[in-house]
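One letter stands for each residue in the lines below.
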Amino acid sequence: MRERNMGWDGEKPLLLLVGSSGRRSREFILQTVARRYALWLLQPAEVTWERPYVVGSTIVDNTRPEPLVEAARRVAAEHPVAGMFCYDEGLIAPAAHIVQALGLPGNTPEAVTACRDKLAGRTALERAGVAQPASIGVRSLAEAEAAAEKIGYPVVLKPRGLAGSLGVRKAAGAGELAEAYATAAGASYPGVPVFDVSVLVEEFVDGPEISVDSVCFEGECTPLVVAHKEVGMAPYFEEIGHEVDGADPLLSDPVLLDALRRSHAALGLTTGVSHTEFRLTPDGPKLMEVNARLGGDMIPYLGHLATGVDVALAAADTAAGRRPDTTVRHRKAAAVRFLYPEQDVEVEAVTVHEGRFTPSIHSAVEMADAGAVLRLPPRGYISRYGRVVALADSVEQARAALADAPRIVELKSRPLEGPAR
């Protein structure tokens, strides 16, 4: 364990930042939060791209509670700590132990674990009467077959502890179940525990899929961003885009608000930002999962563009025990499109053509470097080479602008040997 103070002057409240994740998809969080808070980074590696945003760092294994709490105590012994801030899916559970150990604002480790553990979450939500798909935890293919027969095909198989649609696969019938089980059972993510009962077999719920980023403070749960998700690569559920309407009527929908309130109460989430996913069915919204963190895929950034509400800053404010500012300043539409290769490839070059931007294109970035290997499900997930964000007066305008995304971010690649997807 090695600490380094980079010159904190004490003028801003200090937050312990557990993990920083990838620069391309998470730098916007540190850019906004560092303007109000001093950040002390706890992670296993030296500070690199995070340097402009942090005032100190501790090199520590942040995947386990014990060393993480010890590192937090050492920082707190030298500096007043206002809160703990974490947005990395694989780290939120160990990070919650800092909140408990130092008496900081935030959720208990038990509440965060109930979100990380999809089986525990389903059980708590069922007790609270929240509408959700039927779900059975299994530990073998034989148990998965029995569960699928009980629920009825089609079913969806998913890893018990992952997020971002990693390892999630639909099985339309018994002939597809073995492959779906192997996909779910074989998926993993750094820092996420492997459970004995490792796979969930769930009822397939059809309908548009949305996510809701909300902020909880002093017993109030306020939705800030509703993102309409676009998925592809069936029978997998790879997330290829999101659309956010600042005037979305779902932000004030009483049925959705009630589901948010009851689900958060059932899981014990009282403080901070959450990311909740629903399917909109003819019988009303059905809850797919609750995550005790900011949404991924630039969703908080889209929300900021669409309404002026800074979701990342709201998360930091609640971590410091401050009431977040949820005032809507404007109502626009923002959308993101993620670009994937058509087959497994090795990247030779990714080029952003800014000269091809139209007025509604807000930004575009390359997401893969030369030499990167991109594999499509089930051989790989989130294998994106580019990202394009649109900002317009309506969702239809933003969507139309993104139709030209493959021309804006151009991929040059070499196909990999092996069977095509």
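Each remark here, short or long, concerns the structure printed above.
1. Observations concerning the overall build of the chain
Inference 1: Along the chain, the regular secondary structure elements total twelve helices and 20 strands.
Inference 2: A compact globule built from 421 residues should have a C-alpha radius of gyration of about 22 Å, and the chain, at 21 Å, falls within 12% of that.
Inference 3: Its C-alpha atoms give the chain principal-axis dimensions of roughly 60 × 55 × 45 Å.
Inference 4: Among the 421 residues that make up the chain, the fraction classed as buried is 55%.
Inference 5: The long-range fraction of contacts in the chain, counting pairs at least 24 apart against all pairs at least 6 apart in sequence, stands at 68%.
Inference 6: Of the roughly 17500 Å² of accessible surface on the chain, 49% is carried by carbon and sulfur atoms.

2. Examining the layout of surface pockets
Inference 1: Size it by volume and the second largest pocket reaches roughly 300 Å³.
Inference 2: Contributing elements (two or more residues each) for the lining of the second largest pocket: α1 (23–33) and α9 (299–307).
Inference 3: With six residues, α1 is the largest single contributor of residues to the lining of the second largest pocket.
Inference 4: The residue inventory of the lining of the second largest pocket, partitioned by class, reads six nonpolar, four polar and six charged.

3. Some words on the environment of V81
Inference 1: Within the secondary structure layout, V81 lies in strand β5 (residues 81–85).
Inference 2: The exposure class of V81 is buried, given its relative accessible area of 17%.
Inference 3: Spatially, the C-alpha atom of V81 lies 7.2 Å from that of L16, the residues being 65 residues apart in sequence.
Inference 4: Contact partners of V81, with chain neighbours within four places excluded, come to L14, L16, V75, A76 and L104.

4. Notes on the sheet that holds strand β18 (residues 373–374)
Inference 1: The sheet built from three strands is open, its strands ordered β18-β16-β20 with antiparallel pairing. Edge strands, defined here as strands with exactly one partner in the open sheet, are β18 and β20 (409–415).
Inference 2: Bridging between strand β16 (residues 345–352) and β20 involves seven bridges; their strand directions are antiparallel. Bridge pairing links A349 to K412 in β20.

5. Focus on the sheet that holds strand β19 (residues 386–392)
Within a sheet, neighbouring strands are paired by backbone hydrogen bonds and run either parallel or antiparallel to one another.
Inference 1: Here eight strands make up an open sheet; going across it, the order is β14-β13-β10-β11-β12-β15-β19-β17 and the pairing antiparallel. The strands lining the two open edges of the sheet, one partner per strand, are β14 (284–291) and β17 (361–366). Averaged over all adjacent pairs, the angle separating strand axes in this sheet is 25°, with direction ignored.
Inference 2: Inspection of the sheet shows strand β13 (residues 272–281) paired to β14 by seven bridges, in the antiparallel sense. Bridge assignment links H275 to a residue of β14, and that residue is N291.

6. Quick look at the pattern of salt bridges
Inference 1: Inspection of every chain in the model, using the stated rule, returns 29 salt bridges.
Inference 2: A salt bridge links D61 to R64, with the shortest nitrogen-to-oxygen separation between them at 3.0 Å.
Inference 3: The exposure class assigned to D61 is partly exposed, which follows from its relative accessible area of 30%.
Inference 4: One salt-bridge network, held together by shared partners, links E209, K229, E239, E277 and R279.

7. Some words on unusual backbone geometry
Inference 1: Cis rather than trans, the peptide bond between Y153 and P154 has omega equal to -5°.
Inference 2: With respect to the secondary-structure elements, P154 resides in the loop between α6 (141–151) and β7 (155–159).
Inference 3: A cis amide bond links A234 with the next residue in sequence, P235, at an omega value of 10°.
Inference 4: You can see P235 is positioned in the loop between β11 (220–232) and β12 (238–245).
Inference 5: Positive phi outside glycine occurs at M233, with the angle close to 65°.

8. Some remarks on the packing of α1 against helix α10 (residues 311–319)
Inference 1: Two elements in contact, α1 and α10, have axes separated by 9 Å at closest approach and are oriented at 60°. What the angle tells us is that α1 and α10 run oblique. Read as a crossing pair, α1 and α10 show a hand that is right-handed. Touching I29, T32 and V33 of α1 are A312, L313 and A316, all from α10.
Inference 2: For the contact of α1 with α10, the per-class residue count stands at five nonpolar, one polar and no charged.

9. Thoughts on the side chain of E27
Inference 1: Within the secondary structure, E27 sits in helix α1.
Inference 2: Overall, E27 belongs to the buried group, its relative accessible area being 16%.
Inference 3: What E27 contacts, discounting residues up to four positions off in sequence, is G22, W49 and Y53.

10. With respect to the side chain of D213
Inference 1: Assignment of secondary structure puts D213 in strand β10 (residues 209–217).
Inference 2: Salt bridges are absent for the buried D213, whose nearest opposite-charge side chain, R293, sits at 6.8 Å.
Inference 3: Of note is the side chain of D213, whose polar atom sits 2.5 Å from the side chain of H275.

11. Topic: the environment of E342
Inference 1: Tracing the backbone through its elements, the reader meets E342 in the loop between β15 (333–339) and β16.
Inference 2: For E342, a relative accessible area of 80% gives the class exposed.
Inference 3: Along the backbone, E342 and E417 are 75 residues apart, and their C-alpha atoms lie at a distance of 14 Å.

Parameters at a glance
- Residues numbered from 1 in each chain as written.
- Predicted model: local features only at pLDDT ≥ 70, side-chain atom pairs only at ≥ 80, totals over all residues.
- Heavy atoms only, no water.
- Helix = DSSP H or I, 4+ residues; strand = E, 2+ residues; numbered from the N terminus.
- Rg over C-alpha atoms; globule rule 2.2 N^0.38 Å.
- Buried < 20%, exposed > 50% of the residue type's maximum accessible area, 1.4 Å probe, protein only.
- Contact = heavy atoms within 4.5 Å.
- Areas by Shrake-Rupley, 256 points an atom, 1.4 Å probe, with all protein chains shown as cover.
- 1 Å grid on protein atoms, 1.4 Å probe; cavity = no way out; pocket = protein on both sides within 12 Å on 5 of 7 lines; lining within 4 Å.
- Points joined across faces, edges and corners; volume = space filled by probe spheres on them.
- Nonpolar A, V, L, I, M, F, W, Y, C, P; charged D, E, K, R; others polar.
- Pairing = 2+ DSSP bridges.
- Axes fitted to C-alpha atoms, helices over the stretch in contact; angles between N-to-C directions.
- Salt bridge = Lys/Arg side-chain N within 4 Å of Asp/Glu carboxyl O.
- Parallel < 35°, antiparallel > 145°, perpendicular 65-115°, else oblique.
- Left-handed = near helix turned anticlockwise from the far one by under 90°.
- Lys, Arg positive; Asp, Glu negative; His and termini not counted.
- Polar contact = N/O pair within 3.5 Å; in protein donor to acceptor, adjacent residues only side chain to side chain.

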